[in-house]
Amino acid sequence: MTALQAVALYAGINIFLLALLSVPIGLNRNKKKISIGDGGDPQMTALIRAHGNAAEWVPGALIGLFMMASLGYGTLFIHTVGVLFTIARGAHGYAFVSNQTSGPARRIGAGLTLLCYLVISGALIWKAIS
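Colleague: In this structure, what is going on with the overall build of the chain? I would like to understand it.
Modeller: Looking only at helices and strands, the chain has four helices and zero strands in total. For the chain, the α and β elements follow one another from N to C terminus as α-α-α-α. Counting only C-alpha atoms, the chain reaches 55 × 25 × 20 Å along its principal axes. Across the chain, the fraction of contacts at a sequence separation of at least 24, relative to all contacts at a separation of at least 6, is 68%.

Rendered as structure tokens:
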């Protein structure tokens, strides 16, 4: 597998995760007859934020991984960051969907996401200035 194929793998998985996070929103909209917004329902708010949060963080990481592969970073490094990021986003999404927003999954997800962003940004800056 090339570095670019590794990026494609994590792009596919994380885009699929975004699609999965949208399912409970739609199901709850139908069940609770909420067509727009959260209808003042705390569960809907959490589900919408789970999807929104992933939509905010996933694109930047995927662009970063793509740039890393384009600049010659190896497949193992791409896999390491990609796996950690995917675990992070899965844990974070799970915390919201399972209504455990104050539990360890959210903290792990948020912490690993930030760590991956720092690694990606550092790697890109390093290649740009070296």
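Colleague: Is there a simple way to explain the packing of aromatic side chains in this structure?
Modeller: Two aromatic rings are characterised by how far apart their centres lie and by the angle between their planes. Across all of its chains, the model carries two aromatic pairs by this definition. Centre to centre, the rings of Trp-57 and Tyr-117 are 4.7 Å apart; their planes meet at 80°, and the pair counts as edge-to-face. Separated by 60 residues along the polypeptide, Trp-57 in helix α2 (residues 42–70) and Tyr-117 in helix α4 (residues 104–129) bring together distant segments of the chain. Note on Tyr-73 and Phe-77: the rings are 5.4 Å apart at their centroids and 45° apart in plane angle, and the pair reads as tilted. Over the face of the ring belonging to Tyr-73 we find Lys-127, whose NZ or CZ atom lies 5.0 Å from the ring centre.

Colleague: What's the story with the nonpolar core in this structure? I'm lost.
Modeller: It is characteristic of soluble globular proteins that their nonpolar side chains tend to be buried jointly. Among the nonpolar cores identified, the biggest contains 25 residues, and Val-58, Leu-65, Met-68, Ile-78 and Ile-120 are the most heavily contacted of them. Elements supplying a minimum of two residues to this core: α1 (3–32), α2, α3 (75–97) and α4. If sequence neighbours within four positions are ignored, Ile-78 has contacts with Ala-3, Ala-6, Val-7, Tyr-10, Leu-65, Met-68, Ala-69 and Tyr-73.

Colleague: Mind showing me how you'd approach the environment of Ala-19 here?
Modeller: If you trace the backbone, Ala-19 turns up in helix α1. When its relative accessible area of 40% is taken as the criterion, Ala-19 is described as partly exposed. Between the C-alpha atoms of Ala-19 and His-51, which are 32 residues apart in sequence, the distance is 8.6 Å.

Colleague: Which parts of the structure should I look at to understand α4?
Modeller: Along an α-helix, residues three or four positions apart point the same way, because every turn accommodates 3.6 residues. In this model α4 runs 37 Å from its N-terminal to its C-terminal C-alpha over 26 residues, within 8% of the 38 Å that 1.5 Å per residue would give. Inspection of α4 places Ala-105, Gly-109, Leu-112, Thr-113, Cys-116, Ile-120 and Ala-123 among the buried residues, and these make up the whole buried set. The inward-facing, buried residues of α4 contact α2 and α3.

Parameters and conventions
Residues numbered from 1 in each chain as written. Predicted model: local features only at pLDDT ≥ 70, side-chain atom pairs only at ≥ 80, totals over all residues. Heavy atoms only, no water. Helix = DSSP H or I, 4+ residues; strand = E, 2+ residues; numbered from the N terminus. Contact = heavy atoms within 4.5 Å. Phe/Tyr/Trp six-rings, centres within 6.5 Å; stacked < 30°, edge-to-face > 60°. Lys NZ or Arg CZ within 6 Å of the ring centre and 35° of its normal. Core = buried A, V, L, I, M, F, W, Y, C linked by side-chain atoms within 4.5 Å. Buried < 20%, exposed > 50% of the residue type's maximum accessible area, 1.4 Å probe, protein only. Expected span 1.5 Å × (residues − 1).

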